[in-house]
Amino acid sequence: MMKHLRQTRSLGIGVQLTLWYTGIFALLILLFSLIFYITMQAFLASGVDSALQLRAQQIAGGVSSENNKIVIQDVTGELPGLDTATPLEHGATAKQTGGSNGTIQQDVNIGILVRMLDVKGQTIYVSPAFHALSLPPISFTDPLHGSPWQGTVAAHDGQQVRIYSVVLTDNGTAFGVLQVGETLAQLTTTLQNIVLALLVLVPFVLLLGAFGSYWLAKRAFRPMLYLTRIAREIKAGDLHRRVPVPLHKDEVYDLALTLNEMIERLDQAFMQQRRFVADASHELRTPVTVIRSITDVALEEPQSLEECVEALRDINAETERQGQLINDLLTLARTDEEQMPLDSELVQLDLLVSDVVVVMEPLAVERGIKLQFQETEAVTILGDTTHLIQMIMGLVDNALTYTNAGGTVTLGVSIHANSARLVVRDTGVGIAEEDVIHIFERFYRADTARSRVANGSGLGLALADWVIRAHGGSIAVESTVGQGSIFTVTLPLMLSTPSCLTP
């Protein structure tokens, strides 16, 4: 069973739809044929019953009772072998007609089936073919009690015959029972012909339905196959292409839009990756070039001990910068692979900010910038101390980097709407509106004034953004060119994760 299911699943969608459509169509045709057969059987049977009732009414209309004598008038054609000119005495038996050899005709298919009985059950008249039937007593007693009887009996040769039995009355007084019958041979033949026609037509219709379903499935999937072919042609280096979007807003339209959105995201991802590789190569090449220049100068010209020490210090500074860049790149690579679980512990955010201000203050004094910590409020959150310090230092370093001498960088911690809020304000060069949405991208540096800084890897804000998101927080930026920027970090006061944090 499972093997057949796996084989079915391996078929194409068009073939699977054809099989499903054909199966459902076959079920519907079978149901229709069954309902049609039952309906036709009931209709034909109802027609036979109506004909019998009409015949009984015609015969009963010419039969009456006069002085205990049953008089039959104007129905000679309905009652062969009976001379209506001579009234039948009550209880008399009519003459039976025979064949050429004198035997009674007992073929229910020849002649009519009529029998007339008096109230005592004595046969007054019976047609020759009626002798082939055996009727139950209820067919006589029910009409006398006021209920016409209808039923199906079997003849001596096995043929089915439909019987209608009704009481004969004169001025409300019952004087006999009339029974008429009709063979069901024609009805059976008609039903057999219907079954034969269905057996011939149903397979043919199913075959046409299967071909039609397959054609419709192929036609319906033709646009999707076209989209698939175009999507296959779009390679990594050709992501500027898009699949065509149909005019009609159907399922194929939604699929085309989804594919284009996916290709757009892939294009942006590849562009970001290429830019990342190029920027990383540039950032890594710069300290290497500086180190090589220092060593080339030191090797070409005689150097004093002091000059050699100074060269070594420069080399050490560049290697330290290169090492920090490599560490940042490794950290970001691990965050991309979600392999950087964070510790979860209670952290007093205001104390962390205060410590960072103390550490960064010498750098601010060296650059002639005033670094201050205001709007402090005791705030406790759940997080990773090391990475939170890295995030705060990244934001402060960014503010100091892009603030001119004589400017001010202000930090504040508070609680707002059940969240911890860290605000870093600076009076620096500001950020253009079109650059704000890109500043958290790796190695991104805006043009003009913000590109004037040669130091830094361009990864500080990217790392800070990751740390904030890993702690379930968010960061917002407000900036005006020439007036400064405001970075607002919002962190939850308590996280539900018990052991580690993930971005």
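**Some remarks on unusual backbone geometry**
Okay, so step 1: The phi angle at Asn 171 is positive, at roughly 55°, despite the residue not being glycine.
Okay, so step 2: For Asn 171, the location among the structural elements is in the loop between strand S7 (160-170) and strand S8 (173-183).
Okay, so step 3: A positive phi angle, close to 55°, is found at Ala 417, a residue other than glycine.
Okay, so step 4: The topology assignment puts Ala 417 in the loop between strand S13 (408-416) and strand S14 (419-426).
Okay, so step 5: Classification of Ala 417 as exposed rests on a relative accessible area of 62%.

**Re the pairing of strand S16 (residues 484-492)**
Okay, so step 1: Burial within S16 is extensive, with 7 of its 9 residues counted as buried.
Okay, so step 2: As judged from the 8 bridges shared by S14 and S16, these two strands associate in the antiparallel manner. Bridge pairing in S16 places Arg 425 opposite Ile 486.
Okay, so step 3: Bridge count for strand S15 (residues 474-480) against S16 is 7 bridges, and the pairing is antiparallel. Its bridge partner lying in S16, Ser 479 is registered against Ser 485.

**Some details on the nonpolar core**
Okay, so step 1: Judged by nonpolar contacts, the single largest core of 40 residues is most densely connected at Met 391, Ile 392, Leu 395, Leu 411 and Phe 487.
Okay, so step 2: Of all the elements in the fold, those that place two or more residues in this core are helix H7 (349-366), helix H8 (385-401), S13, S14, helix H10 (460-470), S15 and S16.
Okay, so step 3: Once residues lying within four places of it in the same chain are set aside, the contact partners of Leu 395 are Val 424, Leu 461, Ala 464, Ile 475, Phe 487 and Val 489.
Okay, so step 4: The next biggest cluster of nonpolar side chains, apart from the first, holds 22 residues, and it includes Leu 52, Ile 59, Leu 178 and Leu 198.

**Brief notes about the packing of H7 against H8**
Okay, so step 1: At a minimum axis distance of 10 Å, the contact between H7 and H8 shows a crossing angle of 40°. In terms of axis orientation, H7 runs oblique to H8. As H7 runs across H8, the sense of the crossing is right-handed. Contacts between H7 and H8 involve Leu 349, Leu 352, Val 353, Val 356, Val 359, Met 360, Leu 363 and Ala 364 from the former and Thr 385, Leu 388, Ile 389, Ile 392, Met 393, Val 396, Asp 397 and Leu 400 from the latter.
Okay, so step 2: Looking at side-chain class alone, the contact of H7 with H8 contains 14 nonpolar, 1 polar and 1 charged residues.

**Some remarks on the sheet that holds S14**
Okay, so step 1: If you walk across this open sheet you meet the 5 strands as S11-S13-S14-S16-S15, and the pairing is mixed. Each of the sheet's edge strands pairs with one partner strand only, and the pair in question is strand S11 (370-374) and S15. The mean inter-strand angle of the sheet, taken between neighbouring strand axes irrespective of direction, is 15°.

**Regarding the sheet that holds strand S4 (residues 113-117)**
Okay, so step 1: As summarised here, the arrangement of the 5 strands in space is S5-S4-S8-S7-S6, forming an open sheet in which the pairing is antiparallel. Because the sheet does not close on itself, it has two edges, and the strands there are strand S5 (123-126) and strand S6 (149-154). For this sheet, the mean inter-axis angle between neighbouring strands, taken without regard to orientation, is 20°.
Okay, so step 2: Looking at chain direction, S7 and S8 are connected through 10 bridges and run antiparallel. Looking across to S8, one finds that Ser 165 is bridged to Gln 179.
Okay, so step 3: Strands in contact with helix H2 (residues 13-61) are S4, S6, S7 and S8; relative to S8, the strand with the most contacts, it is inclined by about 140°.

**Structural notes on a negative patch on the surface**
Okay, so step 1: A cluster of acidic residues, Asp 296, Glu 300, Glu 301, Glu 306 and Glu 307, forms a negative patch at the surface.
Okay, so step 2: When contributions to the negative patch are tallied by element, the ones reaching two or more residues are helix H5 (251-300) and helix H6 (305-336).
Okay, so step 3: Counting through the fold element by element, Asp 296 comes out in helix H5.
Okay, so step 4: The partly exposed category is assigned to Asp 296, whose relative accessible area is 34%.

**Notes on the packing of H2 against helix H4 (residues 185-233)**
Okay, so step 1: Between H2 and H4, the least distance of the axes is 8 Å, while the angle of their chain directions is 155°. Judged on the interaxial angle alone, H4 and H2 are roughly antiparallel. For the element pair H2 and H4, the recorded crossing hand is right-handed.
Okay, so step 2: Among the residues making up the contact of H2 with H4, the classes are represented as 25 nonpolar, 8 polar and no charged.

**Quick word on H8**
Okay, so step 1: Compared with the 24 Å implied by 1.5 Å per residue over 17 residues, the 24 Å span of H8 between its first and last C-alpha is a close match.
Okay, so step 2: A distance of 3.1 Å separates the backbone nitrogen of Thr 386 from a side-chain oxygen at the start of H8, and that oxygen is part of Asp 384.

**Regarding the confidence of the model for the chain**
Okay, so step 1: With 79% of its residues at a pLDDT of at least 70, the chain reaches an overall mean of 79.
Okay, so step 2: For residues 81-105, every residue scores under 50 in pLDDT, and the model assigns this stretch 42 contacts once sequence neighbours within four places are set aside.
Okay, so step 3: Of the regions scoring below 50 in pLDDT, residues 447-454 engages in 17 contacts with residues more than four places distant in sequence or in other chains.

**Some thoughts on the pairing of S6**
Okay, so step 1: The alternating pattern of S6 places Trp 149, Gly 151 and Val 153 on a buried face and Gln 150, Thr 152 and Ala 154 on a face that is not buried.
Okay, so step 2: Hairpin connection, S6 to S7: the antiparallel pair is bridged by 5 residues, and Gly 158 has positive phi, about 95°.

**Focus: a nonpolar patch on the surface**
Okay, so step 1: Taken together, Trp 20, Tyr 21, Ile 24, Phe 25, Leu 28, Leu 201, Phe 204, Val 205 and Leu 208 make up a surface patch of nonpolar side chains, about 920 Å² in accessible area.
Okay, so step 2: Sorting the residues of the nonpolar patch by element identifies H2 and H4 as the ones contributing at least two each.
Okay, so step 3: Broken down by element, the residue count for the nonpolar patch peaks at 5 residues, all from H2.
Okay, so step 4: Of note, Ile 24 is situated in helix H2.

What counts and what doesn't
Residues numbered from 1 in each chain as written. Predicted model: local features only at pLDDT ≥ 70, side-chain atom pairs only at ≥ 80, totals over all residues. Heavy atoms only, no water. Helix = DSSP H or I, 4+ residues; strand = E, 2+ residues; numbered from the N terminus. Buried < 20%, exposed > 50% of the residue type's maximum accessible area, 1.4 Å probe, protein only. Pairing = 2+ DSSP bridges. Core = buried A, V, L, I, M, F, W, Y, C linked by side-chain atoms within 4.5 Å. Contact = heavy atoms within 4.5 Å. Axes fitted to C-alpha atoms, helices over the stretch in contact; angles between N-to-C directions. Parallel < 35°, antiparallel > 145°, perpendicular 65-115°, else oblique. Left-handed = near helix turned anticlockwise from the far one by under 90°. Nonpolar A, V, L, I, M, F, W, Y, C, P; charged D, E, K, R; others polar. Patch = residues over 30% accessible without salt bridge, like charges linked within 9 Å, V, L, I, M, F, W, Y side chains within 5 Å. Areas by Shrake-Rupley, 256 points an atom, 1.4 Å probe, with all protein chains shown as cover. Salt bridge = Lys/Arg side-chain N within 4 Å of Asp/Glu carboxyl O. Lys, Arg positive; Asp, Glu negative; His and termini not counted. Charge placed at Lys NZ, Arg CZ, Asp CG, Glu CD. Expected span 1.5 Å × (residues − 1). Polar contact = N/O pair within 3.5 Å; in protein donor to acceptor, adjacent residues only side chain to side chain. pLDDT = per-residue confidence, 0-100.

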